[in-house]
Amino acid sequence: LEALTVRDTVPGAEETVAAAQRARSLRNALHALPEEQSAILRLSYFGGRSQTEIAHVLGLPLGTVKSRVRLALMRLREALGEDPT
Amino acid sequence: MSGVQADGAIEHHPSEATLVGHAARALRPAAGLVVEAHLACCPDCRGKIGLIEEVGGLLLEGLPPTPLAPDALERMMVRLNEATGPAAPGSSLAAQEPSPAELPAALQRLLHAALPRWVAPGVRHALLLREESPGGTLRLLRISPGTALPRHDHRGVELTLVLEGAFADEAGRYGPGDLAEVDEGATHQPVALGPLDCVCLLATQGRLRFHGPIARLFGILARV
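About the criteria used
Residues numbered from 1 in each chain as written. Chains lettered and ligands numbered in written order. Predicted model: local features only at pLDDT ≥ 70, side-chain atom pairs only at ≥ 80, totals over all residues. Heavy atoms only, no water. Helix = DSSP H or I, 4+ residues; strand = E, 2+ residues; numbered from the N terminus. Buried < 20%, exposed > 50% of the residue type's maximum accessible area, 1.4 Å probe, protein only. Contact = heavy atoms within 4.5 Å. Areas by Shrake-Rupley, 256 points an atom, 1.4 Å probe, with all protein chains shown as cover. Salt bridge = Lys/Arg side-chain N within 4 Å of Asp/Glu carboxyl O. Pairing = 2+ DSSP bridges. Axes fitted to C-alpha atoms, helices over the stretch in contact; angles between N-to-C directions. Buried area = accessible area lost by both parts, 1.4 Å probe. Polar contact = N/O pair within 3.5 Å; in protein donor to acceptor, adjacent residues only side chain to side chain. Nonpolar A, V, L, I, M, F, W, Y, C, P; charged D, E, K, R; others polar. Phe/Tyr/Trp six-rings, centres within 6.5 Å; stacked < 30°, edge-to-face > 60°.

**Q** Can you help me understand the overall build of chain A in this one?
**A** In terms of helices and strands, chain A carries 5 helices and 0 strands. Ordered by position from N to C terminus, the α and β elements of chain A give α-α-α-α-α. Put simply, chain A has 85 residues, and 29% of those count as buried. Across chain A, the fraction of contacts at a sequence separation of at least 24, relative to all contacts at a separation of at least 6, is 49%. Total accessible area computed for chain A in this model is approximately 5200 Å², and 56% of it derives from carbon and sulfur atoms.

Below, the structure written as structure tokens:
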């Protein structure tokens, strides 16, 4: 009974576990992305380049860069059990 | 004009690539303000930004640590000793770049100071911000119902957020809160729908190219 009481009073324990699980799912899904998608994600987050600049650097149409970002995020949402659209 | 009153569900959103750029602070100031104003009235995109920021954190974890030069500590100590005096590092940057939480307020100040002038029949326009490089702008447009803007294309991505009224182009109808994202090279011709004036915020990169002599005259008058 004491153990139960203690567990019930730890604030946010369940949320912490859920957040850790979510981070693990997201990390696994990131590793599973095709290289062409994860490379564009990394370029988009780091380096301060606009999508237009990334398209020029990679020699790809802007639409291709944008659709790879969209597809990557769709897969990540799917991996979290969320509506991918 | 203190905010956007979305009259229904927002149907047009920034691309995810633009949202990632916003989360990564990689958007130019004009585009950043337009996206910030859209986020303020769009719970869907605020939800997307949440995931996008999580992903950024995880990608940062995965980056290999930057190797340090053998004398890195020594050089850092020298720099710390040099960094004294009234011009403390970061103070001028903080004055120029408002934090994300202040951006809507910064936008409101710009809007308040704007003095729209006529540039063509049915079109009033105010320049809110001109970026030094590579020549992007933030503009406020007030377009009378039925007025068509000249057909034009873009050298960069153009973001348009409707604040009041509505417009339509080849891609659909845009009402308050809707954000139109038009890519480089794409051509479009927006038409204001009635009954109210269409008021929108427009972030452009580079110069617009107008098609036809009257349209080019519009470009000269509006200095776009």
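**Q** Help me understand the pattern of salt bridges, please; the structure alone is not making it clear to me.
**A** Pairing is possible between side chains of opposite charge, provided their charged atoms come close. One pass over the structure, following the stated rule, counts 12 salt bridges over all chains. Of the charged contacts, one joins R68 of chain A and E36 of chain A as a salt bridge, the two residues approaching to 3.5 Å between their closest N and O atoms. With R68 of chain A in helix 5 (residues 62-79) and E36 of chain A in helix 3 (residues 35-45), the pair connects residues that are 32 residues apart, well separated along the chain. R68 of chain A sits in the buried class, given a relative accessible area of 17%. A salt bridge links R124 of chain B to D197 of chain B, with the nearest nitrogen and oxygen atoms 3.9 Å apart. With a gap of 73 residues between them, R124 of chain B in strand 2 (residues 123-130) and D197 of chain B in the loop between strand 10 (191-193) and strand 11 (198-204) connect regions that are remote in the sequence. Counted as one network, the salt bridges with shared partners bring together R22 and E82 of chain A together with E54 of chain B.

**Q** Would you take a moment to explain the sheet that holds strand 6 (residues 166-169) of chain B for this structure?
**A** For sheets, the rule is that strands pair by backbone hydrogen bonds, running either parallel or antiparallel. All names here are of chain B. Pairing within the open sheet is antiparallel, and its 3 strands lie in the order 7-6-10. Taken across any chain shown, the strands that pair with only one partner, and hence form the sheet edges, are strand 7 (172-174) and strand 10. In this sheet, neighbouring strand axes are inclined to one another by 30° on average, regardless of whether the strands run parallel or antiparallel. Looking at chain direction, strand 6 and strand 10 are connected through 3 bridges and run antiparallel. Paired with A168 across the bridge in strand 10 is V191.

**Q** When you look at the interface of chain A and chain B in this model, what are you seeing that I'm missing?
**A** A common measure of how large an interface is: the accessible area buried when the components associate. Residue-level contacts link 24 residues of chain A with 23 residues of chain B. Three residues, Y45, F46 and K66 of chain A, lead the burial of chain A against chain B; their summed loss comes to 28% of the area buried on that side. Inspection of the chain A/chain B interface yields 6 salt bridges. Joining chain A to chain B, the criterion identifies 8 residue pairs in polar contact (both at pLDDT 80 or more). For the side of chain A that touches chain B, the elements supplying multiple residues, two or more each, are helix 2 (13-32), helix 3, helix 4 (51-58) and helix 5 of chain A. Looking at which element gives the most residues to the side of chain A that touches chain B, the answer is helix 5 of chain A, with 7 residues. Its residues assigned to classes, the side of chain A that touches chain B shows 11 nonpolar, 5 polar and 8 charged.

**Q** Could you clarify how one ought to interpret the environment of T147 of chain B in this entry?
**A** Residue and element names in this part refer to chain B. Along the chain, T147 falls in the loop between strand 3 (137-143) and strand 4 (152-154). Distance in space between the C-alpha atoms of T147 and C198 is 9.6 Å, their sequence separation being 51 residues. When neighbours within four sequence positions are excluded, T147 is seen to be in contact with P121, G122, V123, P190, V191 and A192. In this structure the side chain of T147 is engaged in a polar contact, spanning 2.9 Å, whose partner is the backbone oxygen of S144.

**Q** What exactly am I supposed to notice about the packing of aromatic side chains here?
**A** The geometry of an aromatic ring pair comes down to the distance between the two centres and the angle between the two planes. Residues and elements named next belong to chain A. This structure, assessed with the given rule, holds 2 aromatic pairs over all chains. Summarising the aromatic geometry, the rings of Y45 and F46 are spaced 6.2 Å apart at their centres and angled 40° between planes, so their arrangement reads as tilted. The buried category is assigned to Y45, whose relative accessible area is 8%.

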